[in-house]
Amino acid sequence: MRILDAVDFCRRAVCGYPLRSGLMLLAMAIGVAAVVLLATLGEGTRRYVTAQFSSLGTHLLIVLPGRAETVGGPPPMMGQTPRDLTIADAMALARSTAVRRVAPIVVGSAPVSVGSREREITILGSTSELLPIRNLALAHGRFLPAGDASRAEAVCVLGHKARHELFGSRSPLGRFVRIGERRFRVIGTLAKKGQSLGVDIGDVAIIPVAAATALFNTESLFRILAQARSRDAIARAKADLLAIIRARHEGEDDVTVITQDALLATFDRILQTLTLAVAGIAAVSLVVAGILIMNVMLVAISQRTAEIGLLKAVGATRTQVMALFLLESTLLAILGTAAGMLLAMAGLMVLQPMFPAFPMQIPWWSPAAAAATAVSTSTLFGVLPARRAARLDPVSALAEK
Amino acid sequence: MIVLENISRIFQVGGESVHALDQVSLQVAKGDYLSIMGPSGSGKSTLLNVLGLLDRPDQGTYRIDGQDTTALTDDQQAAVRRHHIGFIFQFFHLVPRLTAAENVALPLVLSGVPQRERRQRVHDAMDRFGLSNRAGHRPDQLSGGQRQRVAIARATIMRPTVILADEPTGNLDRASGDEIIAAIESLKDEGLTVLIVTHDPHIGGRAARHIRMLDGRVVEDSRRTA
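**With respect to unusual backbone geometry**
All names here are of chain B.
- Even without glycine at this site, glutamine 23 takes up a positive phi of about 55°.
- Positionally, glutamine 23 belongs in strand β2 (residues 16-28).
- Accessibility expressed as a C-beta count within 10 Å gives 14 for glutamine 23, which makes it partly exposed.

**Some points on the sheet that holds strand β1 (residues 2-13) of chain B**
Residues and elements named next belong to chain B.
- Reading across the sheet, the four strands line up as β2-β1-β4-β5 and stay open at both edges, with antiparallel pairing between neighbours. In this open sheet, the two edge strands, each paired with only one partner strand, are β2 and β5 (67-68).
- Of the pairings in the sheet, the one linking β1 to strand β4 (residues 59-64) comprises five bridges and is antiparallel in character. Its bridge partner lying in β4, isoleucine 2 is registered against isoleucine 64.

**Overview of the interface of chain A and chain B**
- On the chain B side, the residues contacting the 21 residues of chain A number 22 residues.
- Within the residue set of the side of chain A that touches chain B, elements represented by two or more residues are α1 (3-16), α9 (305-313), α10 (318-354) and α12 (394-399) of chain A.
- Residues that form the side of chain A that touches chain B fall into these classes: 10 nonpolar, five polar and six charged.

**Digging into the pairing of strand β9 (residues 209-214) of chain B**
Residues and elements named next belong to chain B.
- Alignment of strand β3 (residues 33-37) against β9, held across four bridges, turns out to be parallel. Bridging across to β9, serine 35 finds its partner in histidine 210.
- Looking at chain direction, β9 and strand β10 (residues 217-223) are connected through six bridges and run antiparallel. Within β10, the residue paired with histidine 210 across the bridge is serine 222.
- Joining the antiparallel neighbours β9 and β10 is a turn of two residues, in which aspartate 215 adopts a positive phi near 50°.

**Digging into the sheet that holds β9(B)**
Residue and element names in this part refer to chain B.
- The sheet built from six strands is open, its strands ordered β6-β7-β8-β3-β9-β10 with mixed pairing. Two strands lie at the open edges of the sheet, namely β6 (85-88) and β10, each paired on one side alone. Averaged over all adjacent pairs, the angle separating strand axes in this sheet is 15°, with direction ignored.
- The strands touched by helix α1 (residues 44-51) within the sheet are β3, β7 (162-166), β8 (193-197) and β9, with β8 carrying the most contacts at an inclination of about 150°.

Thresholds applied
Here, residues in each chain are numbered from 1, in the same order as that chain's written sequence. Chain letters start at A and ligand numbers start at 1, both assigned in the order the entries are written. Totals for whole chains, interfaces and linings use every residue, but because this is a predicted model, local features are given only for residues with pLDDT of at least 70 and side-chain atom pairs only at 80 or more, for both listing and counting. Helical segments are the DSSP runs of H or I of at least four residues, strand segments are the runs of E of at least two, and each set is numbered from the N terminus. Between the buried cut of 20 or more and the exposed cut of 12 or fewer other C-beta atoms within 10 Å of a residue's own C-beta lies the partly exposed class, and all C-beta atoms are placed from the backbone. Any two strands with at least two DSSP bridges between them are considered paired. Placing a C-beta atom from the backbone of each residue, one calls two residues in contact when those atoms lie within 7 Å. Classes in brief: Ala, Val, Leu, Ile, Met, Phe, Trp, Tyr, Cys and Pro nonpolar; Asp, Glu, Lys and Arg charged; the others, Gly included, polar. To define axes, lines are fitted to C-alpha atoms, for helices over the stretch in contact only, and angles between the resulting N-to-C directions are given on a 0 to 180 degree scale.

Spelled out as structure tokens, the structure:
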């Protein structure tokens, strides 16, 4: 029997029982659509989170005071209060050839007032380098002046939201705000950037780091941000940072360096696993659809007993009968998969406009995995009915009317 | 040449063994025209099924042109059915979703004959049995006589040497029945071996050789005296 003739024969059989075939296609299509849609949403989540991380800046290293102990061991015998990170430490880090920029950061909260308006907002002490490291953009004016980080110049840059709440629609440039006990001149405002990993960059006032340490009366930094020269330099930068701090802290490794890439890679892995898990759960529905196909094929065979008897009488071998029925269930699976893909695409076309910020792109592997699961399960579950058909006794099959 | 030697077919019904065929021996020469008659349950359909290799005898040997068919595998038997035997059934057994022409083409499709040759042969067969203007109709759009003619066209499309007809007119009125018998007899005239199982003495009487069965045995085997 020629393959095209066999396919045609099965196509006629599928079309010959529209209700039965339609229901099977529906089950298959829903399963396939579920796999593709869930995989797409999972993949979208991954991309969304990755994009959020990237908006922090590129090739970022974060130096935190204190050492995160990841190996076991007895607790230290003597007092182990970690040494503070200081502005001088931050400046020393800039000497590494693998590091392009360094921005020390002090974070605190202080009342900020203009005339009678007062608000408690987040105060960020840093240097001019913060702007490029964090990928921030200015709306008006200029950022903190470059130069000696230990100079506590009385200037500040306001976030979008802070600016709005303190000055309304008036231009804040050149005006003064009171932060704590000091007056700062507003020299710039940040462009609206929205949320950046949960920290609202709109509701801040940025002042020189030395001014912040004076304001909060502390020598220690919250953390130091460093930007490596390139992706390849990240590892070297990390080693350099650790070495420099160790040299400055009398041989103690009392800081932790987190690289943004490592963080990103971890999230990436977690979310990818999650996507696969969700798609896997959806794939269970395909197995259910496969079982449905088996049931319906069994019904089909009892309906078509006489036809099977006839096929045998006109010389069809067992193998041929079996192949025909297997092909029929496979054909149904293929058609169901195609319908499922269309369903998934239609679903995305509806969903995407509802969540424009969320990237919805069908990951390449999901249609392939859905199709493979659909076709292999229905073929697998098609074996039993097909074998039953092939083994039918032609005499009793033909006797049935 | 068909040779049956001591063929037995035993069915278990309840706790009892029923001899549907009991030591049947029979020789049918090429081109012969046989009718097999007998009451219900006399084993005539079982004999036809054994002859058509749809059923395996429990004992005895069955040779077609010298070849012992009982030793063949299922697939080899299927090949013998495909190439040497054409079936005509009481209930036609057409595939309802296929057109008349497609039903006729079915054995050709199963044996992998290319489409172009198929079309020609089906066309000729439809023509021959007066079905040219019914080629695109489905079985439910055909009369009983037309359906049986489609079945005859299908039975002969592989150019078999033996035609086995099981009550071919059992479901037809007299006029269509006569038509069908005429069509079947035209096959005999071409040198095909024809065996008809029938209840109808009028039809049975037309055959050249009459076999009468009773309780699984051949009780009468006579030739029509011209």
